[in-house]
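# Inside the fold
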Amino acid sequence: MKKIHISSKENCVKKIEVQGDKSISHRAIIIGSIADGITRIENFLEAEDTLNTVNIFRQLGVKIVKTGKNYYIYGNGLYSLREPTETLYVGNSGTAIRLILGILAAQPFTSTITGDTQIIKRPMARVIEPLTMMGAKFVSNNGYAPVKVQGNNLNGITYKMPVASAQVKSSILLAALYASSVTEIIEPMKSRDHTERLLKYFGAKIITGKKSIKLFPGSKLKGEKIFIPGDISSAAFFIISGLLMKKSKITIKNVNINPTRTGIIDIVKKMGGKIKIKNKKNINNEPVGDIEVSSSKLKGTVIKGDIIPRLIDEIPVISIAAAFAKGKTVISDAKELRVKETDRIKTMIKNFKRIGIKVVEKEDGMIIWGNDGTPFKYADIDSFSDHRIAMAFSVAALVSDNGLLIKDIECVNTSFPEFFNIINSL
Ligand code: S3P
């Protein structure tokens, strides 16, 4: 087990870049693999999760090569995938398993997909149910991986999603490309819309409403050039670092600022944080900008309702900001945290107690009493092999008495292998 000790200096003025967006990287590989022609991906996230997606499509017979810094996919269309000879392995990636199940559901062959010890504890019934309604057949371990898929001819469905989940929505949309009729999805709250944007960019016919999406099958997807912008979920760690560290100003360049992902910016503003977006532009149907943050005195806030899907992955690091702020922060409507890589309500709370933060667990969130800028107590932190817990507490270490010792840090490689290089540069 690898451990790291992190502490900080003051006066940090830095311009940095974070690695490519994880959600868009997965989708670029998946959609490029079923498009016709060559897709070129620039700034692809080379992390364990996304590289597992590359491997899976290679196993499904797609030629994917890396030349220089770019990835090239030689797509042969919707019906070009071939039966894999071995079980498909997603490692730690919930996005990979759920989205790829949507593709496998429509193939004229049988396949089995699984992942690591965390993946086999995460619910797959949420995608198996709608995909079964479309006509596919599954054998799972009571709604958990491994999942065996017997692909089939699919029909379109109208599906009212019980939870706001971009993974579930995307899985259905990918299957819907193969269906014999229109599919309509209604979301309880709007979740990240990268699949809709990328499918449109590749030529699919999709109509998006406020909380509904209609996909009309039958259009050809055409290979495209994609630049993957920086991941706001990775930038989040440096947004919060820049706010908490004294005399600092950090600019994170070329970050995806898709409004379905920018809940963290709204919350930082509500907490009194100094944050600006500069150099806004549009790159292959996604908004991009530079995020500038500087040292701020933060106050507690309430985080609940429609904003939750817009910042679900950032809650661990936002909680660190809340623990350093003045006053109480209440997080509600975030029960989904319990089915992430770990039960993030529990794993955050266990570590908060070690660094001397008063916190109360709720079924759908937590209440954090901020310490008003008092450095956190020294402690050993356990990441519980959850990348976002490891990285959130690395940020806490920057504003701790004598830093923190973070145990089990290899997990950051699932989403952000360059994390420790960047944080060390601060
Ligand atoms: C993701 C969707 C979210 C998010 C995950 C990535 C995606 O999960 O937490 O890290 O790329 O679609 P849910 O769909 O389970 O909310």
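### Comments concerning the site of the ligand
Neighbouring residues of the ligand: Ser23, Arg27, Thr95, Arg98, Ser165, Ala166, Gln167, Arg192, Ile312, Asp313 and Lys340. Within the side chain of threonine 95, one N or O atom sits 3.4 Å away from an oxygen atom of the ligand. Here an oxygen atom of the ligand sits 3.0 Å away from a polar atom, N or O, in the main chain of alanine 166. When the free accessible area of the ligand is taken as 380 Å², the share hidden by the protein chains comes to 94%. Of the pockets mapped on this structure, the ligand occupies the largest pocket. Counting residues per element, the ones that place at least two in the shell around the ligand are helix 1 (22-33), helix 3 (94-104) and helix 5 (166-176). Residues from two domains meet in the shell around the ligand; each of domain 1 (3-19 + 230-425) and domain 2 (22-227) gives at least three.

### Re the packing of aromatic side chains
Under the defined criterion, the tally for this structure stands at 10 aromatic pairs. Consider the rings of phenylalanine 419 and phenylalanine 420, whose centres lie 5.0 Å apart with planes at 75°: the pair is edge-to-face. You'll find phenylalanine 419 and phenylalanine 420 in the same group, each marked buried. If you follow lysine 205 out to its NZ or CZ, it ends over the ring of phenylalanine 216, 4.5 Å from the centre.

### Remarks on the domain arrangement of the chain
Interface size, as often reported, equals the accessible area lost upon joining of the parts. Under the domain assignment, the chain is made up of domain 1 (3-19 + 230-425) and domain 2 (22-227). A C-alpha centroid distance of 29 Å is found between domain 1 and domain 2. Contacts between the two partners involve 32 residues from domain 1, matched on the other side by 28 residues from domain 2. Summing both partners gives a buried area of about 2,600 Å² for domain 1 against domain 2, and 48% of it is carried by carbon and sulfur. It is Asn284, Glu341 and Thr414 in domain 1 that bury the most area against domain 2; as a group they hold 22% of the surface buried on that side. Across the domain 1-domain 2 interface, the total number found is four salt bridges. Between aspartate 306 and lysine 211 there is a salt bridge; the shortest N-O distance is 3.7 Å. At the boundary of domain 1 with domain 2, the tally comes to 15 residue pairs in polar contact (both at pLDDT 80 or more). A class-by-class count of the residues in the side of domain 1 that touches domain 2 yields nine nonpolar, 13 polar and 10 charged.

### Observations concerning the sheet that holds strand 11 (residues 183-186)
The four strands lie next to each other as 10-11-13-12, forming an open sheet whose pairing is mixed. Edge positions in the open sheet fall to strand 10 (158-160) and strand 12 (205-208), since each of these has one partner strand only. Here the average twist between neighbouring strands, direction ignored, is 15°. Sheet topology note: the strand 12/strand 13 (residues 212-216) ladder contains four bridges and is antiparallel. Within strand 13, the residue paired with isoleucine 206 across the bridge is leucine 215. Here helix 5 sits on the sheet in contact with strand 10, strand 11 and strand 13, set at roughly 170° to strand 11. Across the sheet, helix 6 (residues 194-201) touches strand 12 and strand 13, and the angle it forms with strand 12 is around 140°.

### Comments concerning the side chain of histidine 387
Position of histidine 387 among the secondary structure elements: in helix 11 (residues 387-398). Within the structure, histidine 387 has its side chain in polar contact with the side chain of serine 415 (distance 2.7 Å).

### Focus on the nonpolar core
In this structure, Phe238, Ile239, Ile240, Ile320, Phe352 and Phe393 are the most contacted members of the largest nonpolar core, which totals 77 residues. Formed by 67 residues, the second largest nonpolar core is a distinct cluster that contains Ile34, Ala175, Ile185 and Leu198.

### Section: the sheet that holds strand 16 (residues 274-283)
One open sheet holds the four strands; their spatial order is 2-15-17-16, and the pairing between them is mixed. On the outer flanks of this sheet lie strand 2 (13-17) and strand 16, each paired with one strand and no other. Shown here is a sheet whose adjacent strand axes are inclined to one another by a mean of 15°, direction ignored. Sheet analysis places strand 2 next to strand 15 (residues 249-256), joined by five bridges and oriented parallel. The residue bridging isoleucine 16 from the neighbouring strand is isoleucine 252, located in strand 15.

What counts, and where the lines are drawn
Residues numbered from 1 in each chain as written. Predicted model: local features only at pLDDT ≥ 70, side-chain atom pairs only at ≥ 80, totals over all residues. Heavy atoms only, no water. Near = heavy atom within 4 Å. Polar contact = N/O pair within 3.5 Å; in protein donor to acceptor, adjacent residues only side chain to side chain. Areas by Shrake-Rupley, 256 points an atom, 1.4 Å probe, with all protein chains shown as cover. 1 Å grid on protein atoms, 1.4 Å probe; cavity = no way out; pocket = protein on both sides within 12 Å on 5 of 7 lines; lining within 4 Å. Sits in = over half its atoms within 2 Å of the grid points. Helix = DSSP H or I, 4+ residues; strand = E, 2+ residues; numbered from the N terminus. Domains from an automatic or database assignment. Phe/Tyr/Trp six-rings, centres within 6.5 Å; stacked < 30°, edge-to-face > 60°. Buried < 20%, exposed > 50% of the residue type's maximum accessible area, 1.4 Å probe, protein only. Lys NZ or Arg CZ within 6 Å of the ring centre and 35° of its normal. Contact = heavy atoms within 4.5 Å. Buried area = accessible area lost by both parts, 1.4 Å probe. Salt bridge = Lys/Arg side-chain N within 4 Å of Asp/Glu carboxyl O. Nonpolar A, V, L, I, M, F, W, Y, C, P; charged D, E, K, R; others polar. Pairing = 2+ DSSP bridges. Axes fitted to C-alpha atoms, helices over the stretch in contact; angles between N-to-C directions. Core = buried A, V, L, I, M, F, W, Y, C linked by side-chain atoms within 4.5 Å.

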